[in-house]
Each structure stands twice: as structure tokens, then as C-alpha cells.
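An overview of the molecular structure
Here is what each chain is made of, one letter per residue.
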Amino acid sequence: MGSLNKMNFITRFSAFYLRKSKMQQRYQSSGRPAVPLGSRILTDPSKVFEHNMWDHMQWSQEEEERAKDKAAENSLVKVQLEDQDKYEKEASKYWNEFYKTHKNNFFKDRNWLFLEFPEILPEKKREQLKTEEKSSESIKINSTSCFPHQDFPGMLEEGEEYWKNNYGEDSTSVQGQIYNKKQAKSVTENPQGKNCREQLGELESFPGSGAAYRVLEVGCGAGNSVFPILKVLCNTPGTFLYCCDFASGAVELVKSHSSYNSAWCFAFVHDVCDDALPYPFPDEILDVILLVFVLSAIHPDRMQRVVNRLAKLLKPGGMLLFRDYGRYDTSQLRFRKGHCLSENFYVRGDGTRVYFFTKDEVWNMFNLAGLTEVQNLVDRRLQVNRKKKVKMQRVWIQSKFRKPLLLSLSSPEETTKRHPYG
């Protein structure tokens, strides 16, 4: 990884972070509270096509009802049970085919991660970037280069074919402990993690065992989060990044990337739905788990067990950072009849699946896993195709949950009674 590229990335990130802070200050001075998730507010509807994305959109009751009706309509015809079973059993095959087809060209790098999830970075690194931010006020950058909407597929011209194929023809747009080559080879050739404990000497030595700050990205795909993170963490002493995906093709794309560095990162194949599979590191060592557009691809009946298992990997005080599709997002409303698997759960034309969450559902899952809420927001945005004059209502859920330093003695039932959303 070239030092010049790394410096350019950090400079652009710092300048963009400063720009966002100033936008939020202006937003607050207008009488509105400062909020996360962007500050580009549409106040004049006649200017809607001046930008690709508008933040914090408020839906009218009529728009909400229209979205509910559309979702109910496209859910009337369900996928046949035998086909549903096939999509479940062969999920990894469909995602492998996806990455074989698109490689690392489908999603854009998520350079926005540090803006919404600064917790990815160690505290000292965050302070360093804040200092660099203050010294970069005069730097001008491309204001669209880091916005979070850019890694979502199919909404601009290049995604039109994808939307038609998958939603319907009527749609429009490692710094760590060193271990020997035999151990490393054994883990690599045993991608599902079987007997990892024996292979790594009962985990006395494991990838990243010498690090003090560890991050795991679940569902890393082709590395669109991995490499932005590595650009910042690389050469930061005591840090280590793990990343996994159950599609072996995706993991190979990560490991073959020119920026992949096994001194700072360990990529491995893992099925998070199989909680009997051990991870190549012990429980309670992770500072951060990143779960971005992953849980939605898992059958709703299996989600809670996945979250429960991930929670065990966190240190007390560790953070789980979540972002995924929200209820009545445009991509949900575009499905045709016959693509619905179960309520709010669909299969795309390429065989991959997607669920659409409410923030109550997200809160319940993480709360039952023993995690406490730090943030849990509905992110509503208006995405615009300026060339075709098309407007799309996007809905995502963004959340942060922390593992308590001391576990509560309350039962899950008692905790659920204290649901903050009623």
C-alpha cells in the first residue's frame, strides 16, 4: 500500500469530516438539532435534482400508506416452499456466483464508514484524525466521493440492468502474534473453521493475538469496507482486522487484492449461521464488530442466534455497528409478485435474499443478545437519478450497540419490557 495513497485517503477523509461538521453546525443554527446521517436537507422541492441524495426525509401519512400497500401487494404470491428450501440450502452458491460475475466492481468502497462509525478506530487514532482535520480546512475535495449512498447498487445508470433482472422488468433505475506457516496453511485450507482450536494450538497463538485493538467485519464481500479500514489502520501499532464471508469467492477477492496485508488483516471463510463452527480466535477479544448489509441476507428465523453468537465475541465494552435495509425501502417496493419468501423477506432474480428491518426489530435482537443501545436510527433519504429525473425513497437502519462491562442479571423477558420505543 503506497504511503502517498494512504496520505491522500486520510487527507480527503479529514477534509470531508470537517465539511460534514460545518454542515451540521449550519443545520443546528437553523433551529434544528444536530443529527448524524448527513445534513443535506431538501428545503426547496424545485431544487430536488441538484444533488444525488437528500438526507432526513420525512414521509407524509399518504406516502407511508402507499408504501405499505405496495409491500402488501408484492407479498401476495409467495415463492414455492421447495424453492425456498433451495435458496436456504444453496445460499453460498448464489453469493459465490454473484462475486464471480461482479468481482469487486459492483459496490464502491465505503469510505463513509468512519464518519458514521468512528468507533471502528482506536481512540488515539480518532484523536489523530481530528487533529489532521483541523489542519486541512483549505483542502478542497470532491464532495460526492465519500457519501454513504455510493455503495448501494442499481440506483444510478450503471445499476439499471441489475434492478430489472432482480426486481422486475418494470423497474427503473496483521499486526499480531506470528504463527508458523503450517498453522496458517491449515487454517486457509480449512475455510469453515473446523478444528480451528486444534490447528492453532488451542488458540494460544492465533492471527492477531499480539494486537490490543481488534475489529471483525462480518460479511466482508469483496472488501469494500476492509480496504478503507486498512488504509487507516495500517501502520497503527497494536491493531488488527479480521474479515469473513461465507462465500469463498468473496474471500479470495479480498486476499488477492493488492492492498491485502496479512500482517494487519486475516480474511477467512465462515458461515455465521452455523454457531457450532469456531472462529479462528477466542471469545471476548473483539473491540468492534461491523455488520453492514449482512443480516438482511440471512433467514429471519436464524438471525437471533447469529447475533447471540457475535455478542460473545465482543469484549465487555465492545461495540457492534449495524447498518442494513429498512422497511419500505425502494428496493422492497420494486419486487414483483412471486419474489416474496415470507413477510418482508424476498429473493432477488440472482438467488440472493434480502430482509427489510424496523428499528424495533433491530433493538429486540441486540437487546436479547445482552447488548445495550447506543444509537438506533431510521435513515430516510431521497435518492435521485438526475439524468432520468427519477426519485427514490431509501430507508436504512443504522445502529450501535455495546456489550455491558457488567452483564445484567435481568432475564430477556424483563429487559424486553423496558423497550424504549413502546
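Residues numbered from 1 in each chain as written. Predicted model: local features only at pLDDT ≥ 70, side-chain atom pairs only at ≥ 80, totals over all residues. Heavy atoms only, no water.

Per an unreviewed UniProt entry, the recorded name for the protein is tRNA N(3)-cytidine methyltransferase, and the organism is Apteryx owenii. The annotation that UniProt attaches to the protein under Sequence similarities (unreviewed entry) is "Belongs to the methyltransferase superfamily. METL family." Recorded in UniProt under Function (unreviewed entry), the annotation for the protein is "S-adenosyl-L-methionine-dependent methyltransferase." (UniProt positions renumbered as here; feature names shortened; annotations may be inferred.)

With that out of the way, let us pick up the nonpolar core. Counting 46 residues, the largest nonpolar core has Leu 113, Phe 117, Ile 120, Val 226, Ile 229, Val 254 and Leu 290 as the members making the most contacts within it. The greatest single-element share of this core, amounting to 6 residues, is contributed by helix H10 (residues 226–233). Setting aside anything within four residues of it in sequence, one finds Val 254 in contact with Cys 220, Gly 221, Ala 222, Gly 223, Val 226, Phe 227, Cys 243, Tyr 260 and Ala 267. Leu 291, Leu 295, Val 306 and Leu 371 belong to the second largest nonpolar core, which has 44 residues in total. (Core = buried A, V, L, I, M, F, W, Y, C linked by side-chain atoms within 4.5 Å. Buried < 20%, exposed > 50% of the residue type's maximum accessible area, 1.4 Å probe, protein only. Helix = DSSP H or I, 4+ residues; strand = E, 2+ residues; numbered from the N terminus. Contact = heavy atoms within 4.5 Å.)

It is worth spelling out the sheet that holds strand E9 (residues 353–355) at this point. One open sheet holds the 3 strands; their spatial order is E7-E8-E9, and the pairing between them is antiparallel. If you trace the sheet from one side to the other, it starts and ends with strand E7 (340–342) and E9, each paired once. If you compare each strand with its neighbour and ignore which way they point, the axes differ by 30° on average. The sheet contact formed by E7 and strand E8 (residues 345–347) spans 2 bridges and is antiparallel. (Pairing = 2+ DSSP bridges. Axes fitted to C-alpha atoms, helices over the stretch in contact; angles between N-to-C directions.)

Now for the pairing of strand E4 (residues 265–269). For E4, the buried fraction is high: 5 of the 5 residues fall into the buried class. Burial along E4 is two-sided: Cys 265, Ala 267 and Val 269 facing one way and Phe 266 and Phe 268 facing the other are all buried. With 5 bridges joining them, strand E3 (residues 239–245) and E4 adopt parallel strand pairing. By the bridge assignment for E4, Cys 243 is matched with Ala 267. Each parallel crossover has a hand, and for E3 linked through helix H11 (residues 248–255) to E4 it is right-handed. (Right-handed = clockwise from strand over helix to strand, strands pointing away.)

In this section: the sheet that holds strand E2 (residues 213–218). Taken together, the 8 strands give an open sheet; going across it, the order is E1-E10-E11-E6-E5-E2-E3-E4, and neighbouring strands pair in mixed fashion. Both edges of this open sheet fall to strand E1 (53–54) and E4, since each of them pairs with a single strand only. Bridge analysis of strand E10 (residues 372–385) against strand E11 (residues 390–402) gives 13 bridges, and the strand direction is antiparallel. The partner of Asp 379 across the bridge, within E11, is Trp 396.

A separate point is the environment of Ser 205. By secondary structure assignment, the location of Ser 205 is in the loop between helix H9 (196–199) and E2. Of the residues examined, Ser 205 reaches a relative accessible area of 16% and is grouped as buried. Sequence separation between Ser 205 and Phe 281 is 76 residues, and the spatial gap between their C-alpha atoms is 8.8 Å.

This paragraph deals with H10. Most of H10 is tucked away: 7 of the 8 residues are buried. Along H10, the residues classified as buried are Val 226, Phe 227, Pro 228, Ile 229, Leu 230, Val 232 and Leu 233. With its phi angle positive at about 70°, Asn 235 sits one or two positions after the end of H10.

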